[in-house]
Amino acid sequence: MYRLAVGEHFAYAFTNAGDEEIEDVSAAVPGHGEVYGQAGMSGHSKAFHLINVWAEEGRRVPEVLQVRWRKLPEPGGKPYTGKPVGPYTVKVRERIPPEILKQVHSSADLQLRLIFAIQNQGVDFRWELREYGWEVIGTKLLRSGE
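Residues numbered from 1 in each chain as written. Predicted model: local features only at pLDDT ≥ 70, side-chain atom pairs only at ≥ 80, totals over all residues. Heavy atoms only, no water.

Let's talk about the packing of aromatic side chains
Logical step 1: A complete count under the given rule lists six aromatic pairs for this structure.
Logical step 2: Seen in terms of ring centroids, F14 and Y36 are 4.0 Å apart; in terms of plane orientation they differ by 15°. Their pairing is stacked. Within this pair, whereas F14 is found in strand β1 (residues 10-16), its partner Y36 is found in strand β3 (residues 33-41), the two being separated by 22 residues in sequence. Y36 shares its class with F14; the two are buried.
Logical step 3: Relative to F116, the ring of F14 lies with its centre 5.2 Å away and its plane at 20°, an arrangement referred to as stacked. A residue pair is termed long-range when its members are at least 10 positions apart, and F14 in strand β1 and F116 in strand β7 (residues 110-119) qualify at 102 residues. Residues F14 and F116 agree in their burial class; the two are buried.
Logical step 4: Members of the aromatic cluster, each reached through a chain of ring pairs, are F10, Y12, F14, Y36, F116 and F125. (Phe/Tyr/Trp six-rings, centres within 6.5 Å; stacked < 30°, edge-to-face > 60°. Helix = DSSP H or I, 4+ residues; strand = E, 2+ residues; numbered from the N terminus. Buried < 20%, exposed > 50% of the residue type's maximum accessible area, 1.4 Å probe, protein only.)

If you want it as structure tokens, here you go:
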């Protein structure tokens, strides 16, 4: 899939890297509202839940993101009544090198994937730069920590 315009095309990716079942996962950009919501995630989930943000929408990689969720209630408990966790405020934009943001902004064939792994105690953040091709997920070019 190719984009029609340049700009900051990115995707939010969320996964549960903790060992507990969680529910009611949400993430919000302060002042702009919710950008992600998920009913439930199993512990040690390997699957990413992706939300694409298209450059055509005029959006930018956020400065910060607030992530919250609920622990699954005890067996027999009503859904969405488990203990709330968070919000955790995660600094995003300042943790991505300026040259990566510039590359993403100037190329219609690049996507920046913002990956949030929910841990037992907090949220881990990393990023990946992907080149879009004929494959849906694209080819990984670079990621944080490399």
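Regarding the pairing of β7
Logical step 1: Counting buried positions along β7 yields nine of 10 residues, so the element is predominantly enclosed.
Logical step 2: Where β1 lies against β7, seven bridges are found, and the strand directions are parallel. Within the sheet, the bridge partner assigned to Y12 lies in β7 and is L114.
Logical step 3: Alignment of β7 against strand β8 (residues 122-131), held across 10 bridges, turns out to be antiparallel. Looking at the pairing, F116 lines up with F125 of β8.
Logical step 4: Once β7 ends, the chain turns through two residues before running back antiparallel as β8. (Pairing = 2+ DSSP bridges.)

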